[in-house]
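The primary structure of each chain is shown beneath.
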Amino acid sequence: MTHKELSYEDLAIVPSDVYEQMGYREQWPDEATCRETDAILQEVRALLRPRLCFTVVYGTLDMELNQLTIQDTTFDIGKIIARQLRGSEAFALFVATSGTEFEQYQQQLKTKGDMVRIFIADALGSVIAEKCADRMELLLQLSIDKLQWKHTNRFSPGYCGWHVSQQQRLFPLLGEKEPCGVHLTDSSLMVPIKSVSGIVGVGKNVRRLDYTCGLCDFKNCYKRRLKLAK
């Protein structure tokens, strides 16, 4: 298992990342919201401790049943993900999280009841988690370069037809009770909430493609929102 703790600087967050996550497209928010966003970015700079971990394992992909089996665990990943993972020689299982420190910061804002700041911090938390997952992909690629392997897009339970409840099957395969300090509730919600988990295919003959938003009907997917913003 590869572990990495990141800093705020590692993520290279800029205000526009947060604005896009908040839903602003054609124009940025008003001046007051921009000031609050800048203030929150400064507040989290020192406290932020995002973390990532991943492990590469072998598995079997059944294209007829759209299932992935790793060890004795079978995932019903759906046809969209199965097609994207086709040709994989192994699979990286990962968790990336904004961290408990950021979760505590969010809780403090909720206690104060400032809805504008709560909204901005919620968007920022999503940005942190996704940028942390982006860094995971970079580190994963470095680890497989020696094999001349490439990697696919990352895919998470809850998206593209893969039911979120299968988080319960994914986490035990990571070999730790709480990978990166993240644990699952009985309803398969990750805590800290601003966390990402999933699978990446690796091998010589795989490709990292554009996310197939046209084939997926999950309207709140962050990849769909980012695509529409471009």
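## Structural notes on the sheet that holds strand 3 (residues 60-62)
Here comes step 1: Spatially, the three strands line up as an open sheet ordered 3-4-5, and their pairing is antiparallel. For this open sheet the edge positions go to strand 3 and strand 5 (73-76), each flanked by a neighbour on one side alone. Averaged over all adjacent pairs, the angle separating strand axes in this sheet is 20 degrees, with direction ignored.
Here comes step 2: Alignment of strand 4 (residues 67-70) against strand 5, held across four bridges, turns out to be antiparallel. Paired with I70 across the bridge in strand 5 is T73.

## Brief notes about a positive patch on the surface
Here comes step 1: Judged by side-chain charge, K79, R83, R86, K150 and R207 come together as a positively charged surface patch.
Here comes step 2: With respect to the helices and strands, R207 occurs in the loop between strand 10 (195-203) and helix 8 (222-229).

## A look at the side chain of H151
Here comes step 1: Mapped onto the fold, H151 is located in strand 7 (residues 150-155).
Here comes step 2: Here H151 falls in the buried class, since its relative accessible area comes to 11%.
Here comes step 3: A distance of 3.0 Å separates a polar atom in the side chain of H151 from a polar atom in the side chain of E137.
Here comes step 4: Of the polar contacts made by the side chain of H151, one reaches the side chain of Q141; its length is 2.8 Å.
Here comes step 5: Once residues lying within four places of it in the same chain are set aside, the contact partners of H151 are E137, L140, Q141, I144, V200, G201, V202, V206, R207 and R208.

## Focus on the confidence of the model for the chain
Here comes step 1: When pLDDT is averaged along the chain, the result is 91; 91% of the residues meet or exceed 70.
Here comes step 2: In the model of the chain, helix 8 stands out as the element of lowest mean pLDDT, 50, in contrast to strand 6 (residues 90-97), which has the highest, 98.

Reading the values: rules and limits
Residues numbered from 1 in each chain as written. Predicted model: local features only at pLDDT ≥ 70, side-chain atom pairs only at ≥ 80, totals over all residues. Heavy atoms only, no water. Pairing = 2+ DSSP bridges. Helix = DSSP H or I, 4+ residues; strand = E, 2+ residues; numbered from the N terminus. Axes fitted to C-alpha atoms, helices over the stretch in contact; angles between N-to-C directions. Patch = residues over 30% accessible without salt bridge, like charges linked within 9 Å, V, L, I, M, F, W, Y side chains within 5 Å. Areas by Shrake-Rupley, 256 points an atom, 1.4 Å probe, with all protein chains shown as cover. Salt bridge = Lys/Arg side-chain N within 4 Å of Asp/Glu carboxyl O. Lys, Arg positive; Asp, Glu negative; His and termini not counted. Charge placed at Lys NZ, Arg CZ, Asp CG, Glu CD. Buried < 20%, exposed > 50% of the residue type's maximum accessible area, 1.4 Å probe, protein only. Polar contact = N/O pair within 3.5 Å; in protein donor to acceptor, adjacent residues only side chain to side chain. Contact = heavy atoms within 4.5 Å. pLDDT = per-residue confidence, 0-100.

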